[in-house]
Amino acid sequence: MIEINNITKTYRMGQQELTVLKGISLTIANGDFVAIMGPSGSGKSTLMHILGLLDVPTSGSYKLNGHEVSKLDEDALAVLRREQIGFIFQQFNLLARISAYDNVALPLLYSQKNTDSPVPKELLAEVGLSDRQDHHPNELSGGQQQRVAIARALVNRPQIIFADEPTGNLDSTSEKEILRILHSLNDMGITVIMVTHEEEIGQQAKRLIRMRDGLIQSDTRREALPVNLSTNQQKAEPTPSHSKSWNLQELTVYFHQGFRTLMANKVRTGLSILGIMIGVAAVVAMLALGKGAQEQIEQQLSSLGSNLLILRSGAVRVAGVAQESGATTRLTEEDAKALQDQIPSLKYSAPLVNGRGQVTYLNKNWSTQITGASPPYAQMHASEPVAGRFFSEQENQMRARVAVIGATLLHELFEDQNPIGEMIKINKINFQIIGVLPEKGASGFRNQDDVIIVPVLTAMHRLMGKVYLDSIELEVNDSKNIEPTQNSILELMLRRKRVPPSAQEDAFQIFNMADIQAALSQTSKTLSLLLAAIAAISLIVGGIGIMNIMLVSVTERTKEIGLRKAIGARRKDILLQFLSESVVVSAVGGVAGIILGWLATLILSSAAGWTTSVSLSSIVLSFFTSAFIGILFGVYPARQASGLHPIDALRFE
Ligand code: ADP
Ligand code: MG
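Bear in mind the structure is a predicted one, so any value in this text is a computation, not a measurement. (Residues numbered from 1 in each chain as written. Chains lettered and ligands numbered in written order. Predicted model: local features only at pLDDT ≥ 70, side-chain atom pairs only at ≥ 80, totals over all residues. Heavy atoms only, no water.)

Take the overall build of the protein next. Helix and strand counts for the protein come out as 21 helices and 22 strands. The C-alpha atoms of the protein give a radius of gyration of 44 Å, which is well past the 26 Å a tight globule of 653 residues would have. Seen along its three principal axes, the alpha-carbon backbone of the protein occupies a region of about 130 × 55 × 40 Å. Partitioning the contacts of the protein with sequence separation of at least 6, the portion at a separation of at least 24 is 76%. In the protein, 60 side chains carry a positive charge and 62 a negative one; their mean positions are 2 Å apart. (Helix = DSSP H or I, 4+ residues; strand = E, 2+ residues; numbered from the N terminus. Rg over C-alpha atoms; globule rule 2.2 N^0.38 Å. Contact = heavy atoms within 4.5 Å. Lys, Arg positive; Asp, Glu negative; His and termini not counted. Charge placed at Lys NZ, Arg CZ, Asp CG, Glu CD.)

What follows is the structure, encoded as C-alpha cells:
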C-alpha cells in the first residue's frame, strides 16, 4: 500500500528553482491498476520515480506498506527497490551486450548474489519469449525488448510494477500485448501503476489519475478494487541486508561479471592488459637483472676471499723523480715470511706471481694466466681442488713441476676427461697435473676459471725467471683487526726496506678486499634500485592506462550504471563491479607480464650472456604490485560510477 502526503519536488538549476511537483497526496491500495495521464512536462515521470524509489521528494511523506521511506538513504532504497518494486521504462533500458536471459536474470545478481535460477526462464516463457532467450537486445523487436524488460521487472517477484509510458515506443500490436501482460499481472494481485499518453489505454485502468502542472487534476475510479485480496502475494517484511561482509561467492559473481564485460570489449581490455603486462615484465626482468648482477658480484667477491689484503710495492719517488717499483721496495719470499712471523693477527701470508703462458697437451694449445702461489692460496681463495689435490709447501720448496688447472683448461685441453696425472707443457716445460680448481664463473673483466696455478718458486725460477714477487696476499684472522694489521704491515715493510720518510707515502700499496667488496656491493645495489625504479614507473604508467580506460568505461556505461541501480544495485555493488574489472585486467596483465619478463630474462641471459636471477619474491612482489595498482587506479573510476544518482545516470545520453 502506497501513501504519499503533500509530496513536492523542486529541481535547482543554478540560481533558478523549478518546482515540478507542488504537493501531491495519494493513496494506492494493493492490487490496484492505476493509469496516470497528463500533458508532457506535468511531472508524471517525476512522480513515478519518487513512487518507484528511484528519486527522493524534496518534502512530504511517503509511506510504503506503512514505513516512512522518504528519508531513507540510497542503499536502503536500493534494497527496497529490488525486493518490492519492478520498473518498466519507455526506453526498455536493456543491457545491450548481454542476452535476453542475462538481462532478465540481472536483478538476481543483486538480490541473491547468484543468477542461477529457473525463474528467468519461466518468466521469459510467460511473456512468450522462450525461443529468444539467447538473443541480444539488438536482435529483438521493440515489443520483444519491452517484454524482456517486463520479465526483468518480475524476476524478484515484486509487489508493485511501475511502468512509465511502456508502450510509448511501440507499434499497436506490441502495445496490446504489453497491456495484456500488465493486466494479467494485475489479475495475479500485483499493483500496477502506469503512465500513458493514450486515452484508450487510460480508460482500461481501474483508476485514472490526471495531472497538470505538478498537481492532481482529477482522480476517478473506473472499476472497483477486487474485494478478495487473498491472492495478493503479500510479501513478508523485507529485511534489508546491510551485511558488510563480502562473502566469497559474492566476489566470484562480481569477478565473473567483470570478466564478461571485459570480454565484450576485447580491444580496449587487451590494450590495458598490455600496459600492465609491459610494466610487470619490466619489473620482473629488471629485478632479475639487478639480482643477477648482485649475486655474481657476491660470488666473485667470496671467491676472492674474506679479510683479504693485497700488498704491492708502489712507485718510490726519490727527489721528485718517479722510479718504477724502486728496488728498495720490491717484495720477496722473505718479506712474506717475515710478515707471517712478526704480525700475529695474520692468518696467512702468501707470495704471488702472475704471468701468461702457453699450455700444450698433445696437439692442443691454450694461452692462459699462470699464477705462482703457495699452498695457503687454496684456503684463502676458497679454491680447494674438486679433483686431485693442491701442491704442498715441500713441492714448492723443491720447485716441483706440478700444476692445478682451472675449469676452462679442463674443458679446452681435456674435454672434461680426467686430467689428473697427465703431463702438459707450460711454455715448453713439462708439468704434471695434480688437481682441478672449482668452477668460479666469469667476472666482468676476466675469466676466473682460465687459470693454471703452479708453486710460486717453480713459477719464479723455472717458468718466468722472476726474482721478485708481484704481490703478497695476506689474510687477517678477524675483520675487526683489518685496520691495525694494515698499519702493522706497512710499518714492518717500511722498516725492512729502510724507506726514507720522504718516500714512505707511495712505497707500498695495500688493497683491502673488504673495502672493494663494500664498494662493489653498494654499486650493484644502487644499480638494482635504479632498474627497479624505472620498472616501477612503467608499472605506474600501466596503472594510469587502466584508470583512463575505466573512466572512459564509466562515462560510456553511465546508463548501464543507472539501470543496475534502478534494479537494486547498491553503491557497494557498483563499486565492486568496476573494481573487479580493473583487478581482473591487472591480474591478467600481471600474470602475462611475469611470463613475459621471465622469458625476457631467459633471452637476455642466453643472448647477451648477462647473469639474471628470477626470484620467487620478485614474482610475488610484481604480481601483488600489479593487483594493487589495479585497485589503486580502479578505485577512482569505480567511486565515480557508484556515486551516480540512479535517475541522473539513466537520463544520461
Ligand atoms: P512528464 O513525465 O510528465 O512529461 P517530467 O516529470 O519528466 O514530466 O518532468 C517535469 C518537469 O520537470 C519538466 O519540465 C522537466 O523539464 C523538469 N525536469 C525533469 N527532470 C529534471 C531535472 N533533473 N532537472 C531539472 N528539471 C527537470
Ligand atoms: Mg515522462
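Now for the nonpolar core. One finds Ile2, Ile4, Ile36, Tyr62, Phe162 and Ile193 to be the most contacted residues of the largest nonpolar core, which totals 64 residues. Here this core gathers at least three residues from each of two domains, domain 1 (2–239) and domain 2 (255–299 + 519–650). Those residues in contact with Ile4 that lie beyond four places of it in its chain are Ile24, Ser25, Leu26, Leu47, Leu51, Ser61 and Tyr62. Formed by 43 residues, the second largest nonpolar core is a distinct cluster that contains Tyr361, Ile452, Leu457 and Met460. (Core = buried A, V, L, I, M, F, W, Y, C linked by side-chain atoms within 4.5 Å. Buried < 20%, exposed > 50% of the residue type's maximum accessible area, 1.4 Å probe, protein only. Domains from an automatic or database assignment.)

The next point concerns the site of ligand 1. Around ligand 1, 13 residues are found, and the nearest of them are Gly41, Gly43, Lys44, Ser45 and Thr46. Contacts to ligand 1 include Tyr11, whose side-chain N or O atom sits 3.5 Å from a nitrogen atom. In this structure, an oxygen atom belonging to ligand 1 sits 2.7 Å away from a side-chain N or O atom of Ser45. Elements that contribute at least two residues to the shell around ligand 1 include exactly β1 (2–13), β2 (16–28) and α1 (44–51). Looking at which element gives the most residues to the shell around ligand 1, the answer is α1, with three residues. Residues of the shell around ligand 1, tallied by class, amount to five nonpolar, six polar and two charged. (Near = heavy atom within 4 Å. Polar contact = N/O pair within 3.5 Å; in protein donor to acceptor, adjacent residues only side chain to side chain. Nonpolar A, V, L, I, M, F, W, Y, C, P; charged D, E, K, R; others polar.)

For the rest of this paragraph, the subject is the packing of helix α10 (residues 333–342) against helix α15 (residues 482–497). As a packed pair, α10 and α15 sit with axes 11 Å apart at the nearest point and diverge in direction by 130°. Comparing the axis directions of α10 and α15 gives the class oblique. α15 is crossed by α10, and the crossing has right-handed handedness. Residue-level inspection shows Glu334, Asp335, Ala338, Leu339 and Gln342 of α10 in contact with α15, the latter providing Ile489, Leu492, Met493, Arg496 and Lys497. Class assignment for the residues of the contact of α10 with α15 results in five nonpolar, one polar and four charged. (Axes fitted to C-alpha atoms, helices over the stretch in contact; angles between N-to-C directions. Parallel < 35°, antiparallel > 145°, perpendicular 65-115°, else oblique. Left-handed = near helix turned anticlockwise from the far one by under 90°.)

We note that the domain assignment places domain 1 (2–239), domain 2 (255–299 + 519–650) and domain 3 (330–498) within the protein. Taking both sides of the interface into account, the surface hidden between domain 1 and domain 2 amounts to around 2,100 Å²; carbon and sulfur atoms contribute 59%. Taken as a group, Glu74, Arg97 and Tyr110 account for 29% of the area that domain 1 buries against domain 2, more than any other trio of residues on that side. Summed over the shared surface of domain 1 and domain 2, the result is three salt bridges. We note a salt bridge from Lys565 to Glu74, for which the minimum N-O separation is 2.8 Å. Across the contact surface, domain 1 and domain 2 share eight residue pairs in polar contact (both at pLDDT 80 or more). When residues of the side of domain 1 that touches domain 2 are assigned to their parent elements, the largest contribution, six residues, is made by helix α2 (residues 74–84). (Buried area = accessible area lost by both parts, 1.4 Å probe. Salt bridge = Lys/Arg side-chain N within 4 Å of Asp/Glu carboxyl O.)

This next bit is on the pattern of salt bridges. In total, this model carries 22 salt bridges according to the counting rule given. As a salt-bridge pair, Asp102 and Arg260 come within 2.9 Å of each other at their nearest N and O atoms. You can see Asp102 sitting in helix α3 (residues 100–111) and its partner Arg260 sitting in helix α8 (residues 248–264), a full 158 residues away along the chain. Judged by relative accessible area, which is 33%, Arg260 ranks as partly exposed. The network of salt bridges with shared partners includes Asp32, Arg207, Asp219 and Arg221.

Our next topic: the sheet that holds strand β9 (residues 207–212). Strands sit in the order β6-β7-β8-β3-β9-β10 across an open sheet of six strands; the sheet is mixed. Sheet topology places β6 (85–88) and β10 (215–221) at the edges, where each strand pairs with a single neighbour. On average, each strand axis in the sheet is tilted by 15° relative to the strand beside it, whichever way the strands run. As paired strands, strand β7 (residues 160–164) and strand β8 (residues 191–195) are joined by five bridges and run parallel to one another. Across the sheet, residue Ile161 finds its bridge partner in β8, namely Val192. Of the strands in this sheet, β6 and β7 touch helix α5 (residues 142–154), which is tilted by about 165° from β6. Along the sheet face, helix α6 (residues 172–187) touches β3 (33–37), β6, β7 and β8 and points at about 150° away from the line of β8. (Pairing = 2+ DSSP bridges.)

Among the residues of helix α4 (residues 119–126), those classed as buried are Val119, Pro120, Leu123 and Leu124. What you see down the axis of α4 is that its buried residues fit within an arc of 130°, all on one side. On the buried face of α4, the contacting elements are α3 and α5. Of the residues flanking the end of α4, it is Gly128, one or two places downstream, whose phi is positive at about 75°. (Arc of directions from axis to C-beta.)

With respect to the helices and strands, Ser524 occurs in helix α17 (residues 513–556). On the basis of relative accessibility, which here comes to 4%, the residue Ser524 falls in the buried class. Once residues within four sequence positions are removed from consideration, Ser524 is found in contact with Gln294 and Ile297.

A few words now on the sheet that holds strand β5 (residues 67–68). In space, the four strands of this open sheet follow the order β2-β1-β4-β5, with antiparallel pairing throughout. Strand pairing shows two members of the sheet lacking a second neighbour, β2 and β5, which therefore form its edges. Examined bridge by bridge, β1 and strand β4 (residues 59–64) share five bridges and lie antiparallel to one another. Looking at the pairing, Ile2 lines up with Leu64 of β4. Sheet strands in contact with α1 are β1, β2 and β4, and its direction is about 120° off that of β1.

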